[in-house]
Amino acid sequence: MIPNPRQALLIQEVCKRGTVSVEALAEKFGVTLQTVRRDVKQLAAAGLLARFHGGVRMPTSTTENIAYRQRQQLNEHSKQRIARAIAAVVPQDCSLIINIGTTAEAVARELMNHQGLRVITNNLNVAAILSDNPACEVIVAGGVVRSRDRGIVGEATVDFISQFKVDIGLIGISGIEDDGTLRDFDYREVKVARAIIEHSRQVWLAADHSKFNRPAMVKLARLDEVDMLFTDQVPPTPFPALLAEAGVQCEVAP
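Residues numbered from 1 in each chain as written. Predicted model: local features only at pLDDT ≥ 70, side-chain atom pairs only at ≥ 80, totals over all residues. Heavy atoms only, no water.

Caption draft 1: Main features of the pattern of salt bridges. Per the counting criterion, the structure on display carries 13 salt bridges. We note a salt bridge from Asp149 to Arg146, for which the minimum N-O separation is 2.5 Å. For the residue pair Asp149 and Arg146, the accessibility class agrees, reading buried in each case. Put simply, Arg146, Arg148, Asp149, Asp186, Arg188 and Glu189 are held in one network by salt bridges that share partners. (Salt bridge = Lys/Arg side-chain N within 4 Å of Asp/Glu carboxyl O. Buried < 20%, exposed > 50% of the residue type's maximum accessible area, 1.4 Å probe, protein only.)

And the structure:
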């Protein structure tokens, strides 16, 4: 299921507020309770929301991420803002590794006017976008291609990335827990992200507001392994203190 525009806004509202009553959603969007209940029923059946008596919340599975096509629709404008903020500080003539994720793909689109970039990626979507920039050299990692999102993972991918040392490693994440742990769902993807961290002079993390306090199964890293965090809203408590303690520069996209 790909949410319609109203449903996408409804999901964003639930992401922002955590749990919301059906009545509050009806008032927010100026529709009837029946319309909200119908939307919520469809979104819950697709695994995008979880219902409880009188309200709705985000699903809290620690083992499975939301499907790629659906993630493309979620917080789309927030991801675009984050991507513009990142592109604004990526210098010309630098080297980057860009990994898997819909935010990474938004960043690639914002880098179309950069000159002299050398980009290594395990994301076929990123490679396809940036290959249209004649002033950018794109190097695609080897490995197993996941059909669901065209990400490349596996031991061959880790070995390939380990050959390099780049200026900037740009990673996404599925969840940041309140102890400063960065987590994801696929252990193979995590191993590739670990290689990116270890072979980058600067590690930049792109994470919209829905990633804070979101659980996931596999530990990727801790905040003190990140140099910059790009997000779309001021992080909730306790993350400002955790970021300060870890020495992470936090950029909130305008």
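Caption draft 2: Inspection of the confidence of the model for the protein at higher detail. Of all residues in the protein, 93% have pLDDT values of 70 or greater, and the mean over the chain is 89. Scored below 50 in pLDDT, residues 62-69 shows 20 contacts in the model against residues more than four places distant or in partner chains. (pLDDT = per-residue confidence, 0-100. Contact = heavy atoms within 4.5 Å.)

Caption draft 3: Main features of the sheet that holds strand 15 (residues 249-252). Pairing in this open sheet of seven strands is parallel, and the strands run 6-5-4-9-12-14-15 from one edge to the other. Only two strands of the sheet have a single partner each, and these edge strands are strand 6 (136-140) and strand 15. The average undirected angle you get between the axes of adjacent strands in this sheet is 20 degrees. Summarising the sheet, strand 9 (residues 166-171) and strand 12 (residues 200-206) pair through five bridges and their orientation is parallel. Bridge assignment links Ile171 to a residue of strand 12, and that residue is Leu205. (Pairing = 2+ DSSP bridges. Helix = DSSP H or I, 4+ residues; strand = E, 2+ residues; numbered from the N terminus. Axes fitted to C-alpha atoms, helices over the stretch in contact; angles between N-to-C directions.)

Caption draft 4: Expanded view of the sheet that holds strand 13 (residues 218-222). Read from one edge of the open sheet, three strands run 10-11-13, paired in antiparallel fashion. The open sheet has two free edges, formed respectively by strand 10 (175-176) and strand 13, since each of these has just one partner strand. Bridge count for strand 10 against strand 11 (residues 181-184) is two bridges, and the pairing is antiparallel. The partner of Ile176 across the bridge, within strand 11, is Leu182. Helix 9 (residues 187-198) contacts strand 11 and strand 13 of the sheet and is inclined by roughly 15 degrees relative to strand 13.

Caption draft 5: Layout of the environment of Gly247. Inspection of the secondary structure assignment puts Gly247 in the loop between helix 10 (239-246) and strand 15. Residue Gly247 is classed as exposed on the basis of its relative accessible area of 55%. Taking the C-alpha atoms as reference points, Gly247 and Leu223, separated by 24 residues in sequence, lie 8.5 Å from one another.

Caption draft 6: View of the packing of aromatic side chains. Within the structure shown, the criterion is met by three aromatic pairs. Ring geometry for Trp204 against Phe230: centres 5.4 Å apart, planes inclined by 50 degrees, an arrangement best described as tilted. Here Phe230 lies in strand 14 (residues 228-231) and Trp204 lies in strand 12, a separation of 26 residues in the sequence. Exposure remark for Trp204: the relative accessible area of 6% places this residue in the buried category. (Phe/Tyr/Trp six-rings, centres within 6.5 Å; stacked < 30°, edge-to-face > 60°.)

Caption draft 7: Quick look at the UniProt feature "domain: HTH deoR-type" (unreviewed entry) in the protein. UniProt tags residues 3-58 as "domain: HTH deoR-type" (unreviewed entry). Taken end to end, residues 3-58 is 61% helix and 16% strand, and its two terminal C-alpha atoms sit 15 Å from one another. (UniProt positions renumbered as here; feature names shortened; annotations may be inferred.)

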